[in-house]
Amino acid sequence: MLLRIGMVCPYSLAVPGGVQAHVLGLANGLRSLGHQVEVLAPAVANDPAQALPEFVTPAGRGVKVPYNGSVVPLIFGPVAANRAWHWMHDHDFDVLHLHEPIAPSLSLIALALAEVPVVATFHFATTRSRALAAAQGLLQPTMEKITARIAVSPLARRVHVEYLGGDAVEIPNGVDVSRLSGARPLAGYPRSGGTVGFVGRFGEPRKGMPVLLAALRTLIHTRPDLRLLVVGHGDAQALLRAAGPALASRIRVLGPLSDEGKAAVLASVDVLCVPALGGESFGIVLTEAMAAGTPVVASDLDAFRLVLDDGKAGMLVPAGSPDALSAALGSLLDDPAQRSALAAAGRRRVAMWDWPVVARRVLQVYQSAVAADPRRLKSGPGGARGR
Amino acid sequence: MRVSWVAVTAGLLGAAVGAMRAASRLDRLHVRTDAAWAALDAALYRRAVAASSLAGPATLRRAACAAQRVGPTAREDAENELGRMLAVLDRCGLEPTCANRLADAEQAVVIARRVYNDAVRDTLALRSRRMVRWLRLAGTAPLPSYFEIVEPELPAYGLELDGAGA
């Protein structure tokens, strides 16, 4: 059964972000399966700086609001409500899919106006319990309109169960395999001499950059041309100081990059290193590297172990051990055959996070929500299960 | 004197509006719970049909047939029995179409059960409120109950936490 799906993204599409990427990836995945998907999101119509996919309806400019420790562009108010109402009535959806409907956002407006079964996806594992609990009482009558809930990680699900009440089906983030596998490397790459990549907030200790720096200090004795490419937010000067004079000249900090830029870096490096020390619930960068065909060396955290199929789709090293990390990186950098074997295993593994595959799982939730639509109950209440 | 009458009238009016809103909310929740039960009932039936059409052991077919016929009171036990049989079923020998249909039906049961239990949770939360109990806003609607069965282990994806809760 093909469905008409209305998806609402609460955050402005003008700003890159995990939720925005998820919404567009899922919408494309569902469309590739033949379903009709329309997206309502904060965006400005006919903005020359930002070409929107034809299935996106702009709901206006986002307002920057501090939320959960960062500033996110949200949108709400009577104008947005009016647009949301018209969007729903113009398209006559079978199911509405709202992302992150807990913030004061477009998603919450759409929820309040919804007349069809609603599926809600909770992305963040926010533990701001007091704010959530306070809002919960006021929002409860609206939240009761949600038919089925999805959490993108075990942590998001746990937070959801503990603070919001209600259970959720766990469906991970997808990854855009076709885009990543077709990305072109940066000019001058891949180069000889060995290139290691790091993607993430390199200033955060739990991301493990100090371990990688220590490992590289050992490796440069025997590999004079070794280079490290770093993508992500953080203080580049502090990183270069921490690296020390011998290593600093071999580090290129590229800063935060767009999805295209990140894909190009993944296509450029010989090995991606993910030395995180803990607190990871999934590791989307692992799946991105696997999709790009880049071999991965990662800490042996439980989440990474599962993503990397217990070490079969990427190398696992003890978390926090520079010696083990330098040994693993060294052996991979010296062995092209092993690199291509790991890359091939990674490509096979990542197929289960490809958006069309993830979209099929989301589709099952849509179908369950449609099946539980009260309008299908012809006999009305009373005919169902008693005690 | 007049002021206190105004206050009492306003208070009563406010309480009446609140009670009416709670009553209509409760009505919506009961309808949602009933619809979710109908969907769960259908999903369970689909799983039992998929299981009974398999070329599996006779005990599995018996459990599948029992699950299709059982009354509401013994439903959880019958579905658990079927779930246990399916958990130990060797799926490698199954015909791919049958195996896929079964896996789909099992996944649908997991989702439908969460959808139903969510509806029950919201309904029970509102029905436990003092105003709802004292004014008997739920009328004669029976108190819904959770549907508790052991969830099947679904293949792959089940990514657990690595301990640290960042």
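Heads up: the structure comes first, above all this text.
Not measured: the values here are computed from a predicted model.

A.B. asks: Any chance you could explain the overall build of chain A here in plain terms?
C.D. replies: Counting its regular elements, chain A contains 15 helices and 15 strands. Counting across all 387 residues of chain A, residues that qualify as buried make up 55%. Long-range contacts, defined here as pairs at least 24 residues apart, represent 67% of the contacts in chain A between residues at least 6 apart. Of the roughly 16,000 Å² of accessible surface on chain A, 54% is carried by carbon and sulfur atoms.

A.B. asks: What is the right way to read the sheet that holds strand β11 (residues 227–231) of chain A from this model?
C.D. replies: Strand pairing within a sheet occurs via backbone hydrogen bonds; the two strands may be parallel or antiparallel. Residue and element names in this part refer to chain A. One open sheet holds the six strands; their spatial order is β12-β11-β10-β13-β14-β15, and the pairing between them is parallel. The strands lining the two open edges of the sheet, one partner per strand, are β12 (251–255) and β15 (315–317). Across the sheet, the axes of successive neighbouring strands diverge by a mean angle of 25°, strand direction being ignored. The pairing of strand β13 (residues 271–274) with strand β14 (residues 296–299) spans three bridges and is classified as parallel. Its bridge partner being in β14, Cys273 is matched across the sheet by Val297.

A.B. asks: What's the story with the pattern of salt bridges in this structure? I'm lost.
C.D. replies: Between side chains of opposite charge, a pair can form as their charged atoms come close. Going through the model one piece at a time under the given rule, you end up with 24 salt bridges over all chains. The shortest N-O distance in the salt bridge between Glu288(A) and Lys262(A) comes to 3.2 Å. Of this pair, Glu288(A) sits in helix α11 (residues 284–292) while Lys262(A) is found in helix α10 (residues 259–268), placing the two residues 26 residues apart along the sequence. Glu288(A) sits in the buried class, given a relative accessible area of 12%. With its nearest N and O atoms 3.1 Å apart, the salt bridge here joins Glu79(B) to Arg47(B). Of this pair, Glu79(B) sits in helix α3 (residues 75–87) while Arg47(B) sits in helix α1 (residues 2–52), and the two are 32 residues apart along the sequence. Here Glu79(B) falls in the buried class, since its relative accessible area comes to 1%. Note on Arg47(B): relative accessible area 1%, which makes it buried.

So, how was this worked out
Residues numbered from 1 in each chain as written. Chains lettered and ligands numbered in written order. Predicted model: local features only at pLDDT ≥ 70, side-chain atom pairs only at ≥ 80, totals over all residues. Heavy atoms only, no water. Helix = DSSP H or I, 4+ residues; strand = E, 2+ residues; numbered from the N terminus. Buried < 20%, exposed > 50% of the residue type's maximum accessible area, 1.4 Å probe, protein only. Contact = heavy atoms within 4.5 Å. Areas by Shrake-Rupley, 256 points an atom, 1.4 Å probe, with all protein chains shown as cover. Pairing = 2+ DSSP bridges. Axes fitted to C-alpha atoms, helices over the stretch in contact; angles between N-to-C directions. Salt bridge = Lys/Arg side-chain N within 4 Å of Asp/Glu carboxyl O.

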